[in-house]
Amino acid sequence: SSRFGKFMRVLFDDAGCISGANISTYLLEKSRLALQQPGETNFHIFYQLLAGLDDGALAKLHLGRDSASFHYLTRAGSGVREGLDDVNEFKATHSSMQTLGLRPDDVFSILAGILNLGNVTFEVVEENNAERASKVSNPDVIAKAEA
């Protein structure tokens, strides 16, 4: 089913031989990006990204460290994730991406675009006292998302 994903963990011993494995099935939450239930947070990678990237990389992606400045990360609360080490988790995620042959900078650019697009707001455009359309009320945010 497209609603479920599988995560397979393969364990290796010191000689590089497989020593064990397990498979976890999880529900893919398509709506979780834009809306979280009370007390829940968004996808971990967003918090890891903000905590783990250096200041130069954050600036290049038009991001800051404060998760509260991103609409998608505060829909169900403050966006604070107590007891998690997002910096070390980011390092592990970054290393895993490289091991798999992914280009982390490309992935991070896409994630930054998503976070910035979540901050786009719209306003109603009225014509002859009737709502006819809407327009982006903060176009500078779109420019950040495009970068």
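Residues numbered from 1 in each chain as written. Predicted model: local features only at pLDDT ≥ 70, side-chain atom pairs only at ≥ 80, totals over all residues. Heavy atoms only, no water.

Glancing now at the packing of helix H3 (residues 86-99) against helix H4 (residues 104-117). Look at H3 against H4: their axes get within 9 Å of each other, and the N-to-C directions meet at 125 degrees. Accordingly, the angle class assigned to the pair H3 and H4 is oblique. Across the interface between the two elements, Phe90, His94, Met97 and Gln98 from H3 touch Pro104, Val107 and Phe108 from H4. Residue composition of the contact of H3 with H4, by class: five nonpolar, two polar and no charged. (Axes fitted to C-alpha atoms, helices over the stretch in contact; angles between N-to-C directions. Helix = DSSP H or I, 4+ residues; strand = E, 2+ residues; numbered from the N terminus. Parallel < 35°, antiparallel > 145°, perpendicular 65-115°, else oblique. Contact = heavy atoms within 4.5 Å. Nonpolar A, V, L, I, M, F, W, Y, C, P; charged D, E, K, R; others polar.)

Looking at the largest pocket, its volume works out to about 540 Å³. Elements represented by at least two residues in the lining of the largest pocket include exactly strand S1 (4-12), helix H1 (44-52) and H3. The greatest single-element share of the lining of the largest pocket, amounting to six residues, is contributed by H3. Classifying every residue of the lining of the largest pocket gives 10 nonpolar, four polar and five charged. (1 Å grid on protein atoms, 1.4 Å probe; cavity = no way out; pocket = protein on both sides within 12 Å on 5 of 7 lines; lining within 4 Å. Points joined across faces, edges and corners; volume = space filled by probe spheres on them.)

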